[in-house]
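So you can see what is in the structure, the chains are spelled out below.
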Amino acid sequence: MDARAHFARLIDLPDAAIPLAEAALWIAAEGRPEVDVPAALGELDRLTESAAVRLGEARGLPEQVVRLNHCLFIDERFTGNRQQYDDPRNSFLDVVLARRIGIPITLSVVYLEVARRIGLAADGIGFPGHFLVKVAAADGEIVVDPFYGVVLDEDECEVRLRQVAGPEASLDPGMLESTTQAAILRRILGNLKHIHVSRSEFDAALRCCDRILMLAPEDPIERRDRGLIYRELECFGPALDDLDHFLSALPAHPTAQAVTALRRELGARVRHIH
């Protein structure tokens with residue numbers, strides 16, 4: 001099977017059973033035949049062994065998290081790419097494992113995989129503007145920012161929120177709720193899509209849209225975005241189909257008026273061609 005078929009097979013599983021790292025690696029493998037998925041999974045196994053040794057006889061969640069953070073952020077030197085945040089390699093899990101540098105979502109995948117493999121109850125948090133993880137125990141939970149390699153308390157989470165949402169924003173407990181495996185994969189693909197669009201790499205952006213729609217087939221916003229990408233690729237028939245789906249589903253959306261005007265333009269072009 002090719003990378004797309006492997007990805008489809010994995011996301012067809014119940015959400016909790018989706019092997020997150022493997023699915024992320026098949027995202028990285030589409031269009032990149034050099035990706036060695038088994039080797040990358042083997043590196044995660046090695047990281048897990050190192051983390052297990054570092055945790056040793058740690059007692060209690062705080063000490064376990066401190067030791068896991070030391071393993072990943074000090075011993076193994078994983079860190080956020082602050083200089084080249086929009087480098088697409090930051091979204092390819094195999095490259096992140098090799099270079100030890102990435103963006104919040106891919107570094108969080110590494111953290112989640114290792115934490116879960118050593119028996120910690122770890123989940124992703126789709127925090128506004130900056131993906132986080134949390135590790136839970138019976139008496140509470142600890143929030144970790146893998147991009148900066150630090151633990152965050154509620155006040156620090158609110159500071160992060162205000163950096164992206166404005167000085168009046170306040171932290172809502174729902175912002176720290178666990179997210180699904182599918183949502184994590186979708187966020188990886190969404191980041192890649194925006195990078196490719198910004199570089200006018202529309203074929204690659206289209207591949208991202210297609211895989212996002214495998215995860216959420218009827219999402220009208222994603223159908224709108226794919227329609228706009230089809231327009232750039234001069235695939236006017238598919239563009240019209242996607243834009244019509246969006247307008248039918250969300251006729252009052254703030255972008256609906258602009259999309260309607262674009263749809264008229266495309267319809268005229270199609271009639272002229274025929």
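One numbering rule holds for all chains: residues counted from 1, following each sequence as written. Whole-chain, interface and lining totals are the exception, using all residues; otherwise, since this is a predicted model, local features are given only for residues with pLDDT of at least 70 and side-chain atom pairs are given and counted only at 80 or more. Hydrogens and waters are ignored; side-chain quantities use all the structure's heavy atoms.

### Some words on the environment of R162
Inference 1: Examined against the element boundaries, R162 turns out to sit in helix 7 (residues 154-165).
Inference 2: In this structure the C-alpha to C-alpha distance between R162 and K134, which are 28 residues apart in sequence, comes to 20 Å. Numbering of helices and strands runs from the N terminus; a helix is a DSSP stretch of H or I covering at least four residues, while a strand is a stretch of E covering at least two.

### Things to note about the sheet that holds strand 5 (residues 140-145)
Inference 1: One bridge is not enough; two strands pair if DSSP finds at least two bridges between them. Taken in spatial order, the four strands line up as 3-4-5-6 in an open sheet, and their pairing is antiparallel. For this open sheet the edge positions go to strand 3 (121-125) and strand 6 (150-152), each flanked by a neighbour on one side alone. Within the sheet, the average angular offset between the axes of one strand and its neighbour, ignoring direction, is 35°.
Inference 2: In the sheet, strand 5 pairs with strand 6 via three bridges, with the strands oriented antiparallel. Across the sheet, residue V144 finds its bridge partner in strand 6, namely V151.
Inference 3: Contacts are assigned to residue pairs that have any heavy atoms within 4.5 Å of one another. For helices, the fitted axis covers only the stretch in contact; all axes are lines through C-alpha atoms, and the angles between them, taken along N-to-C directions, range from 0 to 180 degrees. The sheet contacts of helix 6 (residues 104-117) involve strand 3, strand 4 (132-137) and strand 5, and relative to strand 3 the element is tilted by about 165°.

### Section: the packing of aromatic side chains
Inference 1: Only rings of Phe, Tyr and Trp enter the pairing, Trp through its six-membered ring, and a pair is recorded when the two centres are within 6.5 Å. The plane angle decides the type: under 30 degrees is stacked, over 60 is edge-to-face, the rest tilted. This structure, assessed with the given rule, holds three aromatic pairs.
Inference 2: Centroid distance F147 to Y148: 4.9 Å. Interplanar angle 85°. Geometry classified as edge-to-face.
Inference 3: Clustering of aromatic rings is evident, with ring pairs tying together Y85, F147 and Y148.
Inference 4: Counting as a charge over the ring demands two things of the Lys NZ or Arg CZ atom: a distance within 6 Å of the ring centre and an angle within 35 degrees of the ring normal. The ring of F92 has R32 sitting right over it, with the charged end atom 4.4 Å from the ring centre.
Inference 5: A cation over a ring is seen here: R224 above F246, with NZ or CZ 5.6 Å from the ring centre.

### Some thoughts on the packing of helix 1 (residues 3-11) against helix 2 (residues 20-29)
Inference 1: As a packed pair, helix 1 and helix 2 sit with axes 8 Å apart at the nearest point and diverge in direction by 155°. Classified by the angle their axes make, helix 1 and helix 2 are roughly antiparallel. Like other packed secondary-structure pairs, helix 1 and helix 2 cross with a definite hand, here left-handed. For the pair helix 1 and helix 2, the contacting residues are A3, H6, F7, R9 and L10 in the first and E22, A23, W26, I27 and A29 in the second. For classification purposes, an angle smaller than 35 degrees is called roughly parallel, one larger than 145 roughly antiparallel, one from 65 to 115 roughly perpendicular, and anything else oblique. Crossing handedness is read from the near helix: turned anticlockwise from the far helix by less than a right angle, it gives a left-handed crossing, and turned clockwise, a right-handed one.

### Details of helix 1
Inference 1: Along helix 1, the residues classified as buried are A3, H6, F7, L10 and I11. Seen along its axis, helix 1 keeps its buried residues to an arc of 125°; they face one direction.
Inference 2: On its buried face, helix 1 sits against helix 2, helix 8 (181-198) and helix 9 (202-215). When a residue's accessible area, from a 1.4 Å probe over protein chains only, is under 20% of the maximum for its type it is buried; when over 50% it is exposed; and in between it is partly exposed. Directions from the helix axis toward the C-beta atoms define the arc.

### Some details on the pairing of strand 5
Inference 1: Where strand 4 lies against strand 5, five bridges are found, and the strand directions are antiparallel. Paired with K134 across the bridge in strand 5 is V143.
Inference 2: Linking strand 4 to strand 5, which pair antiparallel, is a turn of two residues.
Inference 3: What sits between the antiparallel neighbours strand 5 and strand 6 is a turn of four residues, in which G149 has the positive phi angle 70°.

### Topic: the pattern of salt bridges
Any two side chains of opposite charge can pair, given that their charged atoms come close.
Inference 1: Here a salt bridge means any side-chain nitrogen of Lys or Arg lying within 4 Å of a carboxyl oxygen belonging to Asp or Glu. Applying the stated criterion to the full structure yields 28 salt bridges.
Inference 2: Within the structure, one salt-bridge network assembled from shared partners comprises E43, R46, E76 and R100.

### Considerations on the side chain of R223
Inference 1: Inspection of the secondary structure assignment puts R223 in helix 10 (residues 220-232).
Inference 2: Assessed through its relative accessible area of 14%, R223 is described here as buried.

Purely geometric stuff here, so don't read any function into it on its own.
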